[in-house]
Amino acid sequence: MPGAPGGPRVLLRRLREVMAEPVAAQARLDRIVMLIAANMVSEVCSLYVMRSDEALELYATEGLNREAVHQTKLRSGEGLVGLIARSAEPLALSDAQSHSAFAYRPETGEEVYHGFLGVPVLRAGNTLGVLVVQNAAHRHYTEEEVEALQTTSMVLAEMIASGELRSLGEPGTETAARRPLQFRGVPLADGLGLGHVVLHEPRVVVKNLIASDIDHEIARLNAAIADVRSSIDEMLERGDIAHQGDHRDVLETFRMFANDQGWLRRLGDAVRTGITAEAAVERVQSDSRARMMRSTDPYFRERLHDLDDLANRLLRRLVGRDLIASHDALPENAILVARMMGPAALLDYDRSRLRGLVLEEGGETSHIAIVARALAIPVVSAVENASSVVETGDAIIVDGDTGDVQIRPPPDVEASYAGKARLRARRQEQYRRLRHLPSVTRDGVEIVLQLNAGLLVDLPHMAETGAAGIGLFRTELQFMIAERMPSAKDQQRLYADVLTAVGDRPVTFRSLDIGGDKLLPYMPRVDEENPAIGWRAIRIALDRPALLRIQARALLKATAGRELRLMFPMVATRTEFERARSLVEGEIEYLRRTGHPLPSQISLGAMVEVPSLLFDLDGIARSADFLSIGSNDLMQFLFAADRDNRLVSGRFDALSLPSLRALRLIADEAGKVGCPVTVCGELAGRPLEAMALIGLGYRRLSMSAAAIGPVKAMLLALEAYPLEALLAEALATGGDPAGESLRPALARFAADHAIPV
């Protein structure tokens, strides 16, 4: 670099010294821009910081008029500085004033300067500001000079992100790095959480930026890359990775990136500017992230997470740090923020300190959502880029009712949510006071309210809610959070513990509902075009009968002396149910022959989820001891609308005429032969929908613990028979002429009769 002895390495060392000096923030900034100008042999060096209103404010300058500091402001996209901020790309010009985007600000005195080099100040791909050097001469800046300025901007990015500059800007403003943010995601588990961010996979903060030995850093980088490549190859060659499917696709993408010569060359070039291997990974990844975030090509945006993961793997090897948050050091009122995580990882955290969870990925019926509901933790998913815009310790609010996430909320917003939290707490207390009241409507119709569960952590909710029993115990959750297949003894122990915890109240166990989106980590993945209607649930059990036989034997032993209620999921034909019953009967006969005590009563049921059963209701109701409606699957199959696809999941209403007629048909046909029916899907847990179910004749509902209070409050205010008459007429005549959904009519009924829904 012309006239710059030592180049960027000397500059970085001097910057480190300045960062350690006990001086005020403005004095530190002034010293930094002076050092950069001298090192770059430029008459001007200026730092513009992005504010919360997306204006770029001049925070420090060497060479321009000092009076312009904190006075000059540019909009994002305005002038050359604004152009760099918007594009997140460096810009080098020999004659800045001839560029179409040049914006002259007379207070700066920059009209005499022609040479211009500006780089974005990036952190995790987000633009925090713009760093500029200018020369009076028509100067051509080299690639090495661009690299040097980009490297230097890393120091300023950490300074801005740390909040050190908060007091310097115009009163009432924040830097973009610390601005309040609001996101609308998808609510997965209701509730309201106010607390502070804990990153599930904390970013490695690279503190050692300056390399003392370039060759050593190159060797460290190459060794880390080789290590990552080796680990990816090993995973791909392992026998437990399917030859096709998403898992292999992800690893193949990792391998592609790990061998991309352009990416590797940029890493090496960054190290040669004088920074450490880990600083090079951070800088190159931030640049790549900025480009991919702004790309309109969906392929590149989808690959963003893959490249993030690969960079994190490299950083972990270079820094030698576990990227998973310490569960033991969890602060009070912790709200986890993660790209994605499994149910086992969530259960590792101290539940008494968790107040919420924010995910970038995850669907409403995902397993982590089920576990979070059991833990009474509000969850919001589909919050894009969440883990990149927060810092550990940031104030955050998670509204699991609406899907809103507030990051670094202003005081008035925080006060509003605090009020909402107090109101919610009072309402929950009102619901708790209802737990001892009989679940009977105003006109004397008894409604049995039961709990959906799947883990031992669900069971304390029995006493809290006054639930009459467990209408659905998801046995697959034990398999999903285990590192290996639970043994027969492990299963028997869990089932016995469940029965002990609930006392004399009934428990309905569901046999393994695996496959589709419920993958077991220790079982080979089956690649299917449409897994939701593929090889899953009872289909796996009948093709792999040992799974069902082992589970049935564990259940029979655990329930010795009391009733066993077991239902089979995803039953499509009466023949499937009869085959499953036969397998269980074989285990009963085995235990009888070997002298094991048996349950006092055995009831075997079928879940009505597949529409084909609607055309054999009389047969299945006579064959099964009871029926249970899985409304989640029934509705998605009825309307051919994937419940996890946001484009279609909200297109059809569960309170529309087709769905209500199907539900009425099930209730009527089962009632004719005296077969008990329970609704155990999400439909039963929403007050208005539960009200409709009661009006259709259902008397047994099973739901999450959080839903029991609101549903009970609804039914205590309800007169069931007038509602039955309303629904009977609507289903016969076609309902509301304005539309096929009865939701408006049901809402009017609730409002007219002061029913809380």
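For the structure, check the block above.
Predicted model, so just to flag it, every value in this text is computed and none were measured.

Structurally, T127 is set in strand β6 (residues 126–135). What makes T127 buried here is its relative accessible area of 10%. Here A85 takes part through its backbone oxygen, which lies 3.4 Å from a polar atom of the side chain of T127.

On to the packing of helix α18 (residues 545–558) against helix α19 (residues 574–593). Taken N-terminus to C-terminus, the directions of α18 and α19 make an angle of 50 degrees; their axes are 9 Å apart at the nearest point. Considering their axes alone, α18 and α19 lie oblique with respect to each other. As α18 packs across α19, the resulting crossing turns out to be right-handed. On α19, the residues that touch P545, L548, R549, A552, R553, L556 and K557 of α18 are A580, L583, V584, E587, I588, Y590 and L591. Grouping the constituent residues of the contact of α18 with α19 by class yields ten nonpolar, no polar and four charged.

Looking now at the environment of A640. The residue A640 is located in the loop between α21 (631–638) and α22 (657–672) in this model. According to the relative accessible area criterion, A640 is exposed, its value standing at 72%. In this structure, the C-alpha to C-alpha distance between A640 and F652, residues twelve residues apart in sequence, is 9.8 Å.

This part is about helix α13 (residues 411–433). Helix length check: α13, at 23 residues, gives a terminal C-alpha distance of 33 Å against a target of 33 Å (1.5 Å per residue), a fit within 8%. Along α13, the positions that sit buried rather than exposed are Y417, R424 and Y431. The inward-facing, buried residues of α13 abut β9 (192–199), β13 (395–399), β14 (404–407) and α24 (705–716).

As a further point, take the pairing of strand β17 (residues 507–510). Of the two faces of β17, the one lined by V507 and F509 and the one lined by T508 and R510 are each fully buried. In this structure, strand β16 (residues 470–474) lies alongside β17, joined through three bridges in parallel fashion. From the neighbouring strand, I470 faces β17, where its bridge partner is V507. Summarising the sheet, β17 and strand β18 (residues 563–568) pair through three bridges and their orientation is parallel.

Further remarks concern the nonpolar core. Counting 128 residues, the largest nonpolar core has Y698 and L701 as the members making the most contacts within it. Not counting residues within four places of it along the chain, the set of residues in contact with L701 comprises I447, V448, L449, Q450, T678, V679, A684, A690, L693 and I694. In terms of nonpolar packing, the next biggest core, distinct from the first, is built from 65 residues, Y141, W263, V281 and A311 among them.

On the basis of which strands lie adjacent, the open sheet formed by eight strands has the order β7-β14-β13-β9-β10-β11-β12-β8 and mixed pairing. The outermost strands of the open sheet, each flanked by one partner alone, are β7 (181–184) and β8 (186–189). Across the sheet, the mean angle separating the axes of adjacent strands is 25 degrees when strand polarity is ignored. Both β7 and β14 contribute to a ladder of four bridges, which runs antiparallel. Residue pairing for β14: F183 is matched across the bridge by V405.

Rules behind the numbers
- Residues numbered from 1 in each chain as written.
- Predicted model: local features only at pLDDT ≥ 70, side-chain atom pairs only at ≥ 80, totals over all residues.
- Heavy atoms only, no water.
- Helix = DSSP H or I, 4+ residues; strand = E, 2+ residues; numbered from the N terminus.
- Buried < 20%, exposed > 50% of the residue type's maximum accessible area, 1.4 Å probe, protein only.
- Polar contact = N/O pair within 3.5 Å; in protein donor to acceptor, adjacent residues only side chain to side chain.
- Axes fitted to C-alpha atoms, helices over the stretch in contact; angles between N-to-C directions.
- Parallel < 35°, antiparallel > 145°, perpendicular 65-115°, else oblique.
- Left-handed = near helix turned anticlockwise from the far one by under 90°.
- Contact = heavy atoms within 4.5 Å.
- Nonpolar A, V, L, I, M, F, W, Y, C, P; charged D, E, K, R; others polar.
- Expected span 1.5 Å × (residues − 1).
- Pairing = 2+ DSSP bridges.
- Core = buried A, V, L, I, M, F, W, Y, C linked by side-chain atoms within 4.5 Å.

Interpretation note: all reported values are geometric properties and have no functional meaning in isolation.
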